[in-house]
Amino acid sequence: MNHLNCISKISILSILILQFFLSGCDEPDPETTVSYTIPEQPEMATGYTPKPGWETTEFAVAAANPLATDAGYQIVKAGGSAVDAAIAVQMVLTLVEPQSSGIGGGAFLLHWNGTDIHAYNGRETAPSGADENLFLDEDGEPLSFSDAVHSGLSVGVPGTIAMLKSAHDQHGVLPWADLFKSAITLAEEGFSLSPRLQNQLVQDDRLPDDEIARALYYDEDGEAHPVGYNLRNPALAEILRNVANEGISAFYSGAVAESIVERIQNHSRPGPMTVKDIEAYPAQNFETQAICTPWKEYEICGFPPPSSGHIAIMQMLGVMEHLERPAEALQDTVPSADWLHQYLEAAKLAFADRNRYIADPAFVDPPGESWESLLDDGYLEERAALIGETSMGEADPGEPALVKARHGIQPLQPDKGTSHISINDRDGNAVSMTTTIEQGFGSRIMSDGGTGLPGGFHLNNELTDFSRTPVDEDGRVIANRVEPEKRPRSSMSPTLVFGKDNGNLIASLGSPGGAAIIHYTAKAIVGMLDWELNAQEAIDLPNFANYNGPSVLEYGRFPDEILDALKARGHEITLQDLTSGLQAIQRTADGYFGGADPRREGVVMGD
Ligand code: GLY
């Protein structure tokens, strides 16, 4: 208590000084205890920028953008908890990495308080007026994926702010309002447009269709503002100030809720969301039960459905435990062909199950009445027996708990966006949070929150994580079809790893990347725990994926010898960029070691 009082006095002094410089003679907010200083803004190229890995002793914050990481760093420095820091990071990401996550989207948060795990589900929900025909045209044919995304139909009721408030009520230390200070300051003062955001603005030919986005990100000639441009977002500053001071009702009712609905309903392909849908969102229990699964000498904890992430990761790793370990798994810094063959085949089996079974548990029962049936060791041993010396092509789903499935199989749909945050605070609390607006810039619809000011925030297209069609080719209903107030299936895989014997926290990690999140996260788990690499080395490993079809390997990262060996085993190989955005923090004897993905702009900070 004394400690907090002391921080409070020192920081009130700093805020008075900061406010004097930033806003002239405005009265300081007596509630505020945290000051925020805009850091130097490093210039980082997008593409592949090697990262050093970061050693810290007392705490560590890892996020996808240096300004967001710094916001979390300053909060922990000021005495904040891991959850406090995660909130500050998320608010800054809304501004500086708007293509990936934000207050218009949803998130899953895992929290470790030194003894227990709490899981918070802030997934978007389908409006009450949505049904299984949401993405069908007047002839009953599914809209193209692009038409479904770029529409009011795809927008789910945003969940991130309400979920974070629920986590803050339980694990917050600093006042809620303080956690918005960094984002409000940056939104008002402006921040330097990063190479990655700028590149995405240039590439995206649909975003300029939205009048708010066009005025915010592009000049009068329709050219994206250049790298280093000082981007201000006054509408977002105003919205965040209101949420900071009045609470989440300033987002889930009144002008913001009305503006979201107005933008969705006035789109050329309008969606069914109403103000009532938005008002109803906060009145729910955000807490759910994490799933923890033993693997080797570890206990790996992740998110339950509607995420498919943890179950798929642990199915793959569990199946591989039943196969003869290859003589060589890692050749220098590249997984061997023998190891990749086993992994890619295990991935086919896991994705076949994912596409049949995983959906929102509020609507769909797990096979054998427990999601654990998909992770049962006997079941995984049966599945492993299907893996031979050559590629199986495509896998069929299995029958966990010997249950005859009644659901059909959802075809693969592209999904790409998202961001990951890992934080360990000074008191031993940890957060692993993955957060999304789905595609880059979501539905490409922005809301100014009814402020009438330039800028605003992006509305998600999370509902395209549902199956676009309610039935499969054989006419069987798909578990992950749209239903009113249902949450779409996710691949987000926030993960916390513990020692099986002592229960000590070992690592926190996760990644963006759509369905490939599952593979990126699995790769980093294997790299750190099985191949004994540090977090940075594990993240740097080349990426690989299989969604129950051709194998996808990271372009330019695998020698011909490995590609040829996989082809000789019958694998169809596609080479792609596979832009993971892993962030991971490992506990070490001296503190923490953090890694951030060289494929994006993330960094780790701490003392
Ligand atoms: N939209 C990314 C995910 O939830 O998997």
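None of the values given here were measured: they were computed from a predicted structure.

Parameters and conventions
Residues numbered from 1 in each chain as written. Predicted model: local features only at pLDDT ≥ 70, side-chain atom pairs only at ≥ 80, totals over all residues. Heavy atoms only, no water. Helix = DSSP H or I, 4+ residues; strand = E, 2+ residues; numbered from the N terminus. Rg over C-alpha atoms; globule rule 2.2 N^0.38 Å. Buried < 20%, exposed > 50% of the residue type's maximum accessible area, 1.4 Å probe, protein only. Pairing = 2+ DSSP bridges. Axes fitted to C-alpha atoms, helices over the stretch in contact; angles between N-to-C directions. Near = heavy atom within 4 Å. Polar contact = N/O pair within 3.5 Å; in protein donor to acceptor, adjacent residues only side chain to side chain. Areas by Shrake-Rupley, 256 points an atom, 1.4 Å probe, with all protein chains shown as cover. Nonpolar A, V, L, I, M, F, W, Y, C, P; charged D, E, K, R; others polar. Contact = heavy atoms within 4.5 Å.

Another aspect to go through is the overall build of the chain. Check the secondary structure of the chain and you find 18 helices and 23 strands. For a compact globule of 607 residues, the expected C-alpha radius of gyration is about 25 Å, and the chain comes in at 23 Å, within 12% of that figure. Projected onto its principal axes, the C-alpha coordinates of the chain cover approximately 75 × 60 × 45 Å. A buried classification covers 63% of the 607 residues belonging to the chain.

What follows concerns the sheet that holds strand β21 (residues 583-588). With respect to topology, seven strands assemble into an open sheet ordered β1-β22-β21-β17-β16-β9-β8, the strand pairing being antiparallel. Every interior strand has two partners, whereas the edge strands, β1 (54-56) and β8 (291-295), have only one. With direction set aside, neighbouring strand axes in the sheet form an average angle of 20°. By the bridge criterion, four bridges tie strand β16 (residues 495-499) to strand β17 (residues 505-510) in an arrangement that is antiparallel. Each bridged residue has a counterpart across the sheet, and for V497 the counterpart in β17 is A507.

Right, let's talk about the pairing of strand β13 (residues 430-436) for a bit. With respect to burial, β13 is a largely interior element, seven of its seven residues being buried. Residues A430, S432, T434 and T436 point to one face of β13 and V431, M433 and T435 to the other, with burial holding for every one of them. With six bridges connecting them, strand β12 (residues 419-424) and β13 associate as antiparallel partners. Within the sheet, the bridge partner assigned to S422 lies in β13 and is S432. Hairpin connection of β12 to β13: five residues between the antiparallel strands, including G428 at a positive phi of 90°.

Our focus in this paragraph is the site of the ligand. Close to the ligand lie 10 residues, the nearest being E438, E462, D465, S490 and S491. At 2.9 Å, a side-chain N or O of R123 approaches an oxygen atom of the ligand. Computed on the free molecule, the ligand has an accessible area of 200 Å², of which 100% lies beneath the protein chains in the complex. Of the residues that constitute the shell around the ligand, the class distribution is one nonpolar, four polar and five charged.

For the rest of this paragraph, the subject is the side chain of H118. Within the element layout of this structure, H118 appears in strand β4 (residues 117-122). Those residues in contact with H118 that lie beyond four places of it in its chain are L109, L110, H111, N113, Q170, H171 and E287.

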